[in-house]
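An overview of the molecular structure
Each chain, letter by letter, is given below.
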Amino acid sequence: MIFYILEVIIIRKLNLMEEGIMLRNIINKYLVAKKIPGGVIHVQQGNVVLYRDSFGSFVTNTGEVKEISMETLFDIASLTKVVATLPATLVLLDKKQVSLKDSVQKYIPQFQYPNINIEHLLYHNSGLPADLFPPVKRGENRDVLEEIFTVDPIFEPGKTVVYSDLGMILLGKMIEEVSGETFDQFVEREVLIPMGMKNTTFNPKEEVRSLIAATEYMNGSYVQGVVHDEKAYMLNGVSGSAGLFSCLDDLVKYVHYWLHPSDQTVFNPAWLQDCHQNFFKHRGLGFEVWNGKDTEVTISTDWSIGSFGHTGFTGTSIWIDPKEKLFVVLLTNAIHYGRDVPKKEFRLEIHESVYETFIKKESTNYEKLD
């Protein structure tokens, strides 16, 4: 029995070394080809950190080249939807200040469609389009909220899934109406501070902006420390769809709440489980969920059925496998090189490599020992 345990430990360590080399080779391939400028990654199973790394660099808005480190902050784009908007909604649900079946119009009378409810917005099956048309451009003078209040739905609520920024922006507005606070104030007080996410914020202060990985090149310099998303920018940097800045360690803390819902007291554990266990097509409440059928998920169908997570346009992602207690937080400043970079392919290659070695290969090695 002792020899068996020693063999298992040795195999485990060898797999960690091998996977670290494989992941770094994948990362280097994209760095050298100038397809991904840089980022950070954290891979963990249970209490074991399998791989952790920072890589690449960015050009600041003053033209200085800076290496990315574990402390670098990122514009996490649409991860805002699940890191801020979803937990804030869960707080209101748990306090019974709102209900999933409540019409959005109950809290936002200006919204024209009484048959669209809070649950529809979270499942992305509200019928609202993905975006405004024409799309918002930086520097325009448009009333984003007013346009969302009157936008024409493209299908009947509950019929199918169309991932929509507009629905999550509405949720942010609803949270403001119910709480009587600005969205960022409510999120900070009820979500970020209780979760210990000290370096996560909307509209970062001037003194930390130099720590933020710059995103896209616009109007003669790189966007740094200011939200990249055009609609969030028009909403003064605060929206339910995008606008949050965060770092690797804060998001690792965040993931632990979802993997170990009974070991925390910030949220009702039942709500945390419902978000990814009750789903419509490939969408849970806020999250993407791999249901074994709908291959529209943007991370990987190699992982266990029931795996869930989210991505962000700037090149950020979180993916969680409750069955294997496995997760990957991957933050990049991909759009530093423009909007056509292969960030989806990069994510897929990373996640498939993680699962192939740490789950499939390790299981095969254990079977050989038996």
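Structural data are supplied above this passage.
Quick look at helix H9 (residues 269-277)
The α-helix advances 3.6 residues per turn, and as a result positions three or four apart in sequence lie on the same side. Of the positions making up H9, those classed as buried are Trp 271, Leu 272, Cys 275 and His 276. In an axial view of H9, the angular spread of the buried residues amounts to 125°, which keeps them on one side of the axis. Contacts from the buried residues of H9 go to helix H2 (80-94), helix H8 (248-259), strand S9 (288-289) and strand S10 (308-312). Capping the start of H9 is the job of one residue whose side-chain oxygen sits 2.9 Å from the backbone nitrogen of Ala 270: Asn 268.

Some thoughts on H8
In this model, H8 (twelve residues) spans 17 Å end to end at C-alpha, consistent with the 16 Å of a helix rising 1.5 Å per residue. Across the twelve residues of H8, nine count as buried, placing the element largely inside the fold. Among all positions in H8, only Leu 248, Asp 250, Leu 251, Val 252, Tyr 254, Val 255, Tyr 257, Trp 258 and Leu 259 are buried.

Describing the sheet that holds strand S4 (residues 74-75)
Pairing is antiparallel in the open sheet, where three strands are placed in the order S4-S8-S5. Pairing within the sheet leaves two strands with one partner each, and these edge strands are S4 and strand S5 (201-202). Pairing of S5 with strand S8 (residues 244-246) involves two bridges; the strand directions are antiparallel. In the strand pairing of S8, Phe 202 is matched with Leu 244.

A few points about the nonpolar core
Val 83, Phe 111, Met 174, Leu 251, Tyr 254, Trp 258 and Val 329 are the most contacted members of the largest nonpolar core, which totals 79 residues. Residue contacts for Tyr 254: discarding those within four places in its chain leaves Val 82, Val 83, Pro 87, Met 195, Met 197, Phe 287 and Ile 318. Within the second largest apolar cluster, 27 residues are counted, among which are Leu 50, Ile 299, Trp 303 and Leu 326.

Observations concerning the sheet that holds S10
Strand order across the open sheet formed by seven strands is S3-S2-S1-S12-S11-S10-S9, with antiparallel pairing between neighbours. At either margin of the open sheet sits one strand with a lone partner, and together these are strand S3 (65-67) and S9. In terms of strand pairing, S10 meets strand S11 (residues 316-321) through five bridges, oriented antiparallel. Each bridged residue has a counterpart across the sheet, and for Phe 308 the counterpart in S11 is Ile 320. Running over the sheet, H8 touches strand S1 (38-45), strand S2 (48-59), S10, S11 and strand S12 (326-332) and is turned about 150° from S12.

Here is what the cut-offs are and how they apply
Residues numbered from 1 in each chain as written. Predicted model: local features only at pLDDT ≥ 70, side-chain atom pairs only at ≥ 80, totals over all residues. Heavy atoms only, no water. Buried < 20%, exposed > 50% of the residue type's maximum accessible area, 1.4 Å probe, protein only. Helix = DSSP H or I, 4+ residues; strand = E, 2+ residues; numbered from the N terminus. Arc of directions from axis to C-beta. Contact = heavy atoms within 4.5 Å. Polar contact = N/O pair within 3.5 Å; in protein donor to acceptor, adjacent residues only side chain to side chain. Expected span 1.5 Å × (residues − 1). Pairing = 2+ DSSP bridges. Core = buried A, V, L, I, M, F, W, Y, C linked by side-chain atoms within 4.5 Å. Axes fitted to C-alpha atoms, helices over the stretch in contact; angles between N-to-C directions.

What is shown is where atoms sit, not what they do.
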